[in-house]
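# Residue-level structure breakdown
Each chain, written out:
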Amino acid sequence: MFKTVLFPIDQSREAREAADVVTNVVQKYGSRLVLLSVVEEPPTDAPVADPMVSPDVVAKLLENAQTLFSQQGIKAEILERQGKPAFTICDVADEIAADLIIMGCRGLGLTDEGATDSVTTRVINLSPCPVLIVP
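This report concerns the structure included in the present document. Sequence order sets the numbering: in each chain, residues are counted from 1 along the sequence as written. pLDDT decides what is reported in this predicted model: residues at 70 or higher carry local features, side-chain atom pairs at 80 or more are listed and counted, and totals for whole chains, interfaces and linings draw on all residues regardless. Excluding hydrogens and water, the side-chain values take into account all heavy atoms of the structure.

### Some thoughts on the sheet that holds strand β2 (residues 32–39)
With parallel pairing, five strands are arranged side by side in an open sheet as β3-β2-β1-β4-β5. One side of each edge strand has no neighbouring strand; the edge strands of this open sheet are β3 (76–82) and β5 (131–134). Pairwise comparison of adjacent strand axes, ignoring direction, gives a mean angle of 25 degrees for this sheet. Sheet contacts for helix α3 (residues 85–95): β1 (4–8), β2, β3 and β4 (100–104); angle to β2, the most-contacted strand, approximately 150 degrees. Note on contacts: a residue pair is in contact if any heavy atoms of the two residues lie within 4.5 Å. Every axis in this analysis is a line fitted to C-alpha atoms, fitted for helices over the stretch in contact. Angles between the N-to-C directions lie between 0 and 180 degrees. Helix numbering and strand numbering both begin at the N terminus, where a helix is a DSSP run of H or I of at least 4 residues and a strand a DSSP run of E of at least 2. Across the face of the sheet, helix α4 (residues 119–126) comes into contact with β4 and β5 while running at roughly 165 degrees to β4. When DSSP finds at least two bridges between two strands, those strands are taken to pair.

The following block contains the structure:
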């Protein structure tokens with residue numbers, strides 16, 4: 001059913017918690033797993049550097065995630081892209097013909113004010129395939 005699963009990751013607690021669900025889905029369906037992390041372009045007015053704007057930090061994050069899945073007997077491909085996270089996630093899902101995107105909720109909740117600006121909400125609205133959100 002889910003031949004290709006895309007798992008966009010960042011350094012959030014929600015992404016770490018979603019990894020268990022990803023493991024279960026990939027093992028159950030024998031899916032191809034693609035890990036994606038997006039190097040964000042830093043805003044010009046950003047006073048503090050976001051770790052997700054560092055290609056070195058993102059590369060290490062992907063390597064650690066790949067090792068984590070490998071320990072579960074899952075071969076994971078890794079992709080690192082640059083751009084706006086929600087748009088990049090959806091573009092990659094389309095490129096790899098993903099059947100499912102699994103991602104963590106950012107903790108804002110889908111009905112809280114401001115949630116329309118979250119990456120998760122944008123992915124839900126733009127995705128070319130189903131999106132499983134792990135609370």
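### Brief notes about the layout of surface pockets
Estimated volume of the second largest pocket: approximately 170 Å³. Taken together, Phe 7, Ile 9, Asp 10, Gln 11, Ala 15, Arg 16, Ala 19, Leu 61, Asn 64, Ala 65, Leu 68 and Phe 69 make up the full set of residues lining the second largest pocket. For the lining of the second largest pocket, the secondary-structure elements that each account for two or more residues are α1 (13–29) and α2 (55–71). A total of five residues in the lining of the second largest pocket trace back to one element, the largest contributor, which is α2. Tallied by class, the residues present in the lining of the second largest pocket amount to eight nonpolar, two polar and two charged. Both site types are read off a 1 Å grid over the protein atoms alone. A 1.4 Å probe that fits but cannot get out defines a cavity, while an open set with protein on both sides within 12 Å along at least five of seven lines defines a pocket; lining residues have an atom within 4 Å of a point. Grid points are joined across faces, edges and corners, and a volume is the space filled by probe spheres set on the points. In this classification, the charged set is Asp, Glu, Lys and Arg, the nonpolar set is Ala, Val, Leu, Ile, Met, Phe, Trp, Tyr, Cys and Pro, and all remaining amino acids, among them Gly, are polar.

### Details of the pattern of salt bridges
Salt bridges are counted wherever a side-chain nitrogen of Lys or Arg sits within 4 Å of a carboxyl oxygen of Asp or Glu. One pass over the structure, following the stated rule, counts five salt bridges. Two residues, Glu 17 and Arg 13, come together in a salt bridge whose shortest N-O distance is 2.9 Å. Separated by four residues within a single helix, Glu 17 and Arg 13 lie in helix α1, roughly one turn from each other. Note on classification: 1.4 Å probe, protein chains only; a residue is buried when its accessible area is under 20% of the maximum for its type, exposed when over 50%, partly exposed between these limits. Here Glu 17 falls in the partly exposed class, since its relative accessible area comes to 34%. With relative accessibility at 48%, the residue Arg 13 sits in the partly exposed group. Salt-bridge contacts for Glu 63 lead to Lys 60; the nearest nitrogen and oxygen are separated by 3.6 Å. Residue Glu 63 and its partner Lys 60 are both found in helix α2; the two are separated by three residues, about one turn of the helix. Ionic contacts of the salt-bridge type, sharing partners, join the residues Arg 13, Glu 14 and Glu 17 into one network.

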